[in-house]
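Residues per chain, in single letters:
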Amino acid sequence: MAHPLHLTITVEVVASEADLTPAEAVTWQAARAATNHSYAPYSRFHVGAALLLDDGTIFRGTNQENAAFPSGLCAERTALFGLAAAHPERRILGMAVAARPATGDFVPITSCGACRQVMAEYEHRQNQAIPLLLPGPDGSIYRFRSLSDLLPFGFSADDLPG
Ligand code: THU
């Protein structure tokens, strides 16, 4: 016997930046601005991530590349690791990611698998869902309710024995 298990992830497609809440718009703009501080001389693909914190401030991350390619890190993880190292007491209320080639306009992006695992960890750690904004097609913005929505069937601390 077998039966299907249907998973439902609700993503709102926001038509444009004008339709974001004020707090979302600040986070969104910060992610876009952060791409200017990306260090991506090899891929020339500049990624920015922004975290809206519970004190109203924004913490930024950018991709950091390296001549030894695997030593680089994505924007999402520099943001989350950087925050956890510098301000571990802060809660994250929202996250946004933006990307653009060195020459050219912003493009849609979705986070890589390793970043999804890390995103899920920090959400789990603070025991509070973190909404996520990702750029979609034609200027739209995907509004996810939770970082963990990017990682169905993800492994977490709950799966560890003891
Ligand atoms: N990158 C990110 O920073 N975030 C993503 O979600 C996908 C990829 C970076 C890694 C590398 O520096 C460049 O983009 C090209 O893969």
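Residues numbered from 1 in each chain as written. Predicted model: local features only at pLDDT ≥ 70, side-chain atom pairs only at ≥ 80, totals over all residues. Heavy atoms only, no water.

## Things to note about the pattern of salt bridges
Part 1 of the reasoning: The tally for this structure, following the rule as stated, stands at 5 salt bridges.
Part 2 of the reasoning: One salt bridge in this structure joins Arg 143 and Glu 12, with 2.9 Å as the shortest N-O distance. On the criterion of sequence distance, the pair formed by Arg 143 in strand β6 (residues 141-144) and Glu 12 in strand β1 (residues 11-14) is long-range, its members being 131 residues apart.
Part 3 of the reasoning: Between Asp 55 and Arg 90 there is a salt bridge whose closest N-O contact spans 3.7 Å. Of this pair, Asp 55 sits in the loop between β2 (45-53) and β3 (58-62) while Arg 90 sits in the loop between α2 (75-86) and β4 (92-101), and the two are 35 residues apart along the sequence.
Part 4 of the reasoning: Taken together, the salt bridges that share partners define one network made up of Asp 54, Asp 55, Glu 89 and Arg 90. (Salt bridge = Lys/Arg side-chain N within 4 Å of Asp/Glu carboxyl O. Helix = DSSP H or I, 4+ residues; strand = E, 2+ residues; numbered from the N terminus.)

## Some details on the site of the ligand
Part 1 of the reasoning: Every residue close to the ligand is listed here: Ser 43, Phe 45, Val 47, Asn 63, Glu 65, Cys 74, Ala 75, Glu 76, Ile 109, Thr 110, Ser 111 and Cys 112.
Part 2 of the reasoning: Interatomic distance of 2.9 Å between a backbone N/O atom of Ala 75 and an oxygen atom of the ligand.
Part 3 of the reasoning: Taken by itself the ligand offers 370 Å² of open surface, and the protein chains cover 75% of this.
Part 4 of the reasoning: Contributions of two or more residues to the shell around the ligand are made by β2 and α2.
Part 5 of the reasoning: Residue classes in the shell around the ligand are distributed as 6 nonpolar, 4 polar and 2 charged. (Near = heavy atom within 4 Å. Polar contact = N/O pair within 3.5 Å; in protein donor to acceptor, adjacent residues only side chain to side chain. Areas by Shrake-Rupley, 256 points an atom, 1.4 Å probe, with all protein chains shown as cover. Nonpolar A, V, L, I, M, F, W, Y, C, P; charged D, E, K, R; others polar.)

## Some words on the packing of aromatic side chains
Part 1 of the reasoning: In this structure the tally under the stated criterion is 2 aromatic pairs.
Part 2 of the reasoning: Centroid distance Tyr 42 to Phe 69: 5.5 Å. Interplanar angle 45°. Geometry classified as tilted. With a gap of 27 residues between them, Tyr 42 in the loop between α1 (22-34) and β2 and Phe 69 in the loop between β3 and α2 connect regions that are remote in the sequence.
Part 3 of the reasoning: Here Tyr 42 falls in the partly exposed class, since its relative accessible area comes to 39%.
Part 4 of the reasoning: Here the aromatic rings of Phe 81 and Tyr 122 are separated by 6.2 Å at their centres, their planes lie at 70°, and the arrangement is edge-to-face. A residue pair is termed long-range when its members are at least 10 positions apart, and Phe 81 in helix α2 and Tyr 122 in helix α3 (residues 113-126) qualify at 41 residues.
Part 5 of the reasoning: Residue Phe 81 is classed as partly exposed on the basis of its relative accessible area, which comes to 36%. (Phe/Tyr/Trp six-rings, centres within 6.5 Å; stacked < 30°, edge-to-face > 60°. Buried < 20%, exposed > 50% of the residue type's maximum accessible area, 1.4 Å probe, protein only.)

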